[in-house]
Amino acid sequence: ILVFSLLGTILLKHQVNLRTKTLAQYAQELARINDALKESERKYRELVEHANSIILHWTRDGKISFINEFGQRFFGYTAQELLGRPIVGTIVPEVESSGRDLRALIEEMSKDPEAFEQNINENMLRNGERVWIAWTNKIFRNERGEVEAILSIGQDITDRKKAEDELKRLNAELELRVAQRTAALAEALDRAQSADRLKSAFLATMSHELPTPLNSIIGFTGILLQGLAGPLNEEQQKQMRMVQNSARHLLALINDILDLSKIEAGELALSMSSFSLPHSLEKVTHMVRPMAQKKQLD
């Protein structure tokens, strides 16, 4: 009995020691896990707080439940000033500069957040300045599958939006200038066509009027050269032939000018024939000789 009692006491003490050791190990393990969780939470919070993005957590009814330090500095508020306040009227204007109702937009996002996983809208700083932010939204649901909260991560795209708006303005201005220039060119074309019609009408009229006085000059010089108005000496006949040749040359030039209307209409018929080049050069020399002599040119 004594031996068995002694053995029982030894076993009981051993069992208590085992239990004490196990509890101590469990406590140490629990403390280690707790420290790891705290460290993980610290790193996560530092990451969230110091991220170069706006991190916003808001409830289904549109109230702010969390905003990181970057978001606080960006909008110009402290966390205490933002927590619990509605998004609309605080960091989101009720009406966008374009006229879009942002209150209705927030309500639609709360009802159907899947449709707004990515969205861009105008926001408002504390000083009233308007900025543009591109948001990425993540939905959180409760155990019944209802939308409980929304996590929104935003990037400031104000400069990009201004550049896009400026580009649109420049494109619109360019289109207006092109339209104005096109209208001006069309008007100039109408004026040119009108002037062309007037020119054609003028040429059609002058085709009868211009040759008439030249034909008279040619005819009267022919009468004088024939001696019908009295005899001419040799020098007088020479001068009269020069006048007659010049008049005929001028008549040919006028006929060539009048032929422009035929060229434009594609109705001019070319006449190709052989001619004496020395004779043509002699005629030209006789025509320009009086002007050369007047200027004392050889």
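Residues numbered from 1 in each chain as written. Predicted model: local features only at pLDDT ≥ 70, side-chain atom pairs only at ≥ 80, totals over all residues. Heavy atoms only, no water.

Trainee: Outline the overall build of the chain, listing residues and values.
Mentor: Of regular secondary structure, the chain possesses nine helices and five strands. Counted from the first residue to the last, the chain has its helices and strands arranged as α-β-β-α-α-α-β-β-β-α-α-α-α-α. For the chain, the residues scored as buried account for 23% of the 298 residues in total. In the chain, the proportion of contacts linking residues at least 24 apart, taken out of those at least 6 apart, comes to 44%. (Helix = DSSP H or I, 4+ residues; strand = E, 2+ residues; numbered from the N terminus. Buried < 20%, exposed > 50% of the residue type's maximum accessible area, 1.4 Å probe, protein only. Contact = heavy atoms within 4.5 Å.)

Trainee: How would you sum up the sheet that holds strand β2 (residues 64-67)? Please name residues and give values.
Mentor: Judged by pairing direction, the sheet is antiparallel, and its five strands sit side by side in the order β2-β1-β5-β4-β3 without closing on themselves. Both edges of this open sheet fall to β2 and β3 (118-124), since each of them pairs with a single strand only. On average, each strand axis in the sheet is inclined to that of its neighbour by 30°, with strand direction left out of account. Bridge count for strand β4 (residues 130-141) against strand β5 (residues 147-156) is nine bridges, and the pairing is antiparallel. (Pairing = 2+ DSSP bridges. Axes fitted to C-alpha atoms, helices over the stretch in contact; angles between N-to-C directions.)

Trainee: Lay out empty space enclosed by the protein in plain terms, naming residues and giving numbers.
Mentor: A complete count under the given rule lists one cavity of 30 Å³ or more for this structure. At the level of secondary structure, the elements contributing two or more residues to the lining of the largest cavity comprise β1 (54-59), α4 (102-111), β3 and β4. Partitioned by chemical class, the residues of the lining of the largest cavity number eight nonpolar, five polar and no charged. (1 Å grid on protein atoms, 1.4 Å probe; cavity = no way out; pocket = protein on both sides within 12 Å on 5 of 7 lines; lining within 4 Å. Points joined across faces, edges and corners; volume = space filled by probe spheres on them. Nonpolar A, V, L, I, M, F, W, Y, C, P; charged D, E, K, R; others polar.)

Trainee: Give a description of a nonpolar patch on the surface that names residues and reports values.
Mentor: There is a patch of nonpolar side chains on the surface, built from F220, I223 and L228 and spanning about 330 Å² of accessible area. In this fold, I223 is placed in helix α6 (residues 211-225). Given a relative accessible area of 35%, I223 falls into the partly exposed group. (Patch = residues over 30% accessible without salt bridge, like charges linked within 9 Å, V, L, I, M, F, W, Y side chains within 5 Å. Areas by Shrake-Rupley, 256 points an atom, 1.4 Å probe, with all protein chains shown as cover. Salt bridge = Lys/Arg side-chain N within 4 Å of Asp/Glu carboxyl O.)

Trainee: Quick one: what's the story with the packing of aromatic side chains, residue by residue and with numbers?
Mentor: Tallied over the full model, the rule gives two aromatic pairs. Between F74 and F75, the ring centres sit 5.1 Å apart and the planes meet at 90°, which makes this aromatic pair edge-to-face. The exposure class of F74 is buried, given its relative accessible area of 19%. On the accessibility criterion, F75 (1% relative accessible area) is buried. Linked through ring pairs, F70, F74 and F75 together constitute an aromatic cluster. One Lys or Arg, K161, reaches over the ring of W132 and ends 4.2 Å from the middle of that ring. (Phe/Tyr/Trp six-rings, centres within 6.5 Å; stacked < 30°, edge-to-face > 60°. Lys NZ or Arg CZ within 6 Å of the ring centre and 35° of its normal.)

Trainee: Any chance you could break down α6 for me, citing the residues and the numbers?
Mentor: Its 15 residues place the ends of α6 21 Å apart at the C-alpha level, agreeing with the 21 Å of an ideal helix rising 1.5 Å per residue. Looking at the residues trailing α6, positive phi occurs at G227, about 80°. (Expected span 1.5 Å × (residues − 1).)

Trainee: With reference to specific residues and values, describe the environment of D101.
Mentor: Within the element layout of this structure, D101 appears in the loop between α3 (79-82) and α4. Residue classification places D101 among the partly exposed residues on the basis of a relative accessible area of 41%. A distance of 3.1 Å separates a polar atom in the side chain of D101 from the backbone nitrogen of R103. (Polar contact = N/O pair within 3.5 Å; in protein donor to acceptor, adjacent residues only side chain to side chain.)

Trainee: Help me get a handle on helix α9 (residues 277-294), residues and values and all.
Mentor: Taking 1.5 Å per residue as the helical rise, α9 with its 18 residues ought to reach 26 Å, and the 26 Å between its terminal C-alpha atoms agrees with that figure. Bending of α9 peaks at approximately 45° at the position of V288, with proline P290 no more than four residues after it. Between the side-chain oxygen of the N-cap and the backbone nitrogen of H279 there are 3.3 Å, and the N-cap of α9 in question is S276. Just past α9, the residue Q296 takes up positive phi, approximately 60°. (Bend = angle between axes of the 7 residues up to and from the residue.)

Structural measurements only, silent on function.
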